[in-house]
Amino acid sequence: MPLKWVLQWQPNPGTTVNSQILAEVSQCVEGINGVKEGRWKATLTYYKPILRDQAMSPEMPRDFIGMSLPEQPNKYYFTLRSHRIVVESDVSVQIIMEKLQSYKSRVALIFEGFQYQLGDFQLRVGKVVPSHSESLRGIVMEVEYLPISSLEKSRQIMEEFIDIWQEALSKRSLPGHFIHVEPNFSEYGLSDHYTSQHTAVQYATVMAQLIASAQAVSTVRN
């Protein structure tokens with residue numbers, strides 16, 4: 001499958017994300033001749049164990065992330081960052097989890113926005129909001145390079161594209177920029193050949209960054 005990088009918006013110190021920044025980013029994509037193709041949406045859920053017996057706690061993962069991806073509607077992906085494990089399962093596993101009552105959803109985030117075509121690239125720009133709220137928590141951008149599925153072979157062209165994109169975006173003088181934090185995929189047993197499991201791991205990394213940013217803002221306010 002085509003390779004993609006998942007980037008997230010990093011606000012400047014003392015600033016926060018807002019809908020105006022999201023609108024400006026979308027306009028910038030169209031300004032570099034990105035053709036809007038439609039909407040996209042992905043859902044990420046942060047699970048915590050339901051501990052009926054405290055003695056069980058060391059044996060159970062402290063938390064993990066579940067994710068549904070638009071390109072794989074019949075699959076569900078679990079990422080345990082603490083154990084460096086990613087697992088692909090059937091989407092019906094969510095029903096099984098509800099019945100077992102061993103883990104509960106603590107936070108559910110929706111990633112949604114618009115998809116654009118730009119030559120051999122497909123871009124998706126979207127907001128990050130809690131499932132039962134319109135409170136903007138972040139902005140993400142997927143950059144997908146359609147001709148290649150090798151991480152290493154595509155690295156140079158991806159870096160060059162991101163440089164061009166950052167330069168175009170900088171002309172709008174927005175209070176922040178996009179960052180790309182690439183996980184060490186080999187730690188998760190993933191190869192150079194890109195799969196949806198690579199995408200799930202990238203989103204789990206973004207989730208961790210969002211939580212860290214929220215905690216940093218909370219610390220500053222207190």
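Below, the structure is looked at part by part. Source: prediction; values computed, not measured.

**Looking at empty space enclosed by the protein**
Move 1: Under the defined criterion, the tally for this structure stands at 1 cavity of 30 Å³ or more.
Move 2: Here the largest cavity is characterised by a volume of approximately 40 Å³.
Move 3: Broken down by secondary-structure element, the contributors of at least two residues to the lining of the largest cavity are strand S1 (3–11) and helix H4 (196–221).
Move 4: Its residues assigned to classes, the lining of the largest cavity comprises 5 nonpolar, 4 polar and no charged.

**Looking at the packing of aromatic side chains**
Move 1: Tallied over the full model, the rule gives 9 aromatic pairs.
Move 2: Here the aromatic rings of Phe121 and Tyr145 are separated by 4.9 Å at their centres, their planes lie at 40 degrees, and the arrangement is tilted. Remark: Tyr145 occurs in strand S8 (residues 138–145) and Phe121 occurs in strand S7 (residues 121–130); sequence separation between them is 24 residues. Across this residue pair, the class does not change: Phe121 and Tyr145 are buried.

**Overview of the sheet that holds strand S6 (residues 103–118)**
Move 1: Reading across from one edge, S5-S4-S3-S2-S6-S7-S8-S1-S9 is the order of the 9 strands in this open sheet, with antiparallel pairing throughout. Each edge of the sheet is formed by a strand with only one pairing partner; in this case those strands are strand S5 (85–90) and strand S9 (176–179). Averaged over all neighbouring strand pairs, the angle between strand axes comes to 25 degrees, with direction disregarded.
Move 2: The sheet contacts of helix H1 (residues 19–31) involve S1, strand S2 (35–49), S6, S7, S8 and S9, and relative to S7 the element is tilted by about 170 degrees.
Move 3: The sheet contacts of helix H2 (residues 93–100) involve S2, strand S3 (64–69), strand S4 (72–80), S5 and S6, and relative to S4 the element is tilted by about 50 degrees.

**Looking at the pattern of salt bridges**
Move 1: According to the stated counting rule, one finds 10 salt bridges in the structure shown.
Move 2: Salt-bridge contacts for Glu152 lead to Arg155; the nearest nitrogen and oxygen are separated by 3.1 Å. Linking Glu152 with Arg155, this pair stays in helix H3 (residues 151–170), spanning 3 residues, or about one helical turn.
Move 3: We classify Glu152 as exposed; its relative accessible area is 52%.
Move 4: For Arg155, the salt bridge identified is with Glu182, shortest N-O distance 2.9 Å. Here Arg155, found in helix H3, pairs with Glu182, found in the loop between S9 and H4; they are 27 residues apart in sequence, far enough to count as distant.
Move 5: Classification of Arg155 as partly exposed rests on a relative accessible area of 21%.
Move 6: Among the charged side chains, a network of salt bridges with common partners joins Lys4, Glu71, Arg124, Glu142 and Glu144.

Cut-off values and rules
- Residues numbered from 1 in each chain as written.
- Predicted model: local features only at pLDDT ≥ 70, side-chain atom pairs only at ≥ 80, totals over all residues.
- Heavy atoms only, no water.
- 1 Å grid on protein atoms, 1.4 Å probe; cavity = no way out; pocket = protein on both sides within 12 Å on 5 of 7 lines; lining within 4 Å.
- Points joined across faces, edges and corners; volume = space filled by probe spheres on them.
- Helix = DSSP H or I, 4+ residues; strand = E, 2+ residues; numbered from the N terminus.
- Nonpolar A, V, L, I, M, F, W, Y, C, P; charged D, E, K, R; others polar.
- Phe/Tyr/Trp six-rings, centres within 6.5 Å; stacked < 30°, edge-to-face > 60°.
- Buried < 20%, exposed > 50% of the residue type's maximum accessible area, 1.4 Å probe, protein only.
- Pairing = 2+ DSSP bridges.
- Axes fitted to C-alpha atoms, helices over the stretch in contact; angles between N-to-C directions.
- Contact = heavy atoms within 4.5 Å.
- Salt bridge = Lys/Arg side-chain N within 4 Å of Asp/Glu carboxyl O.

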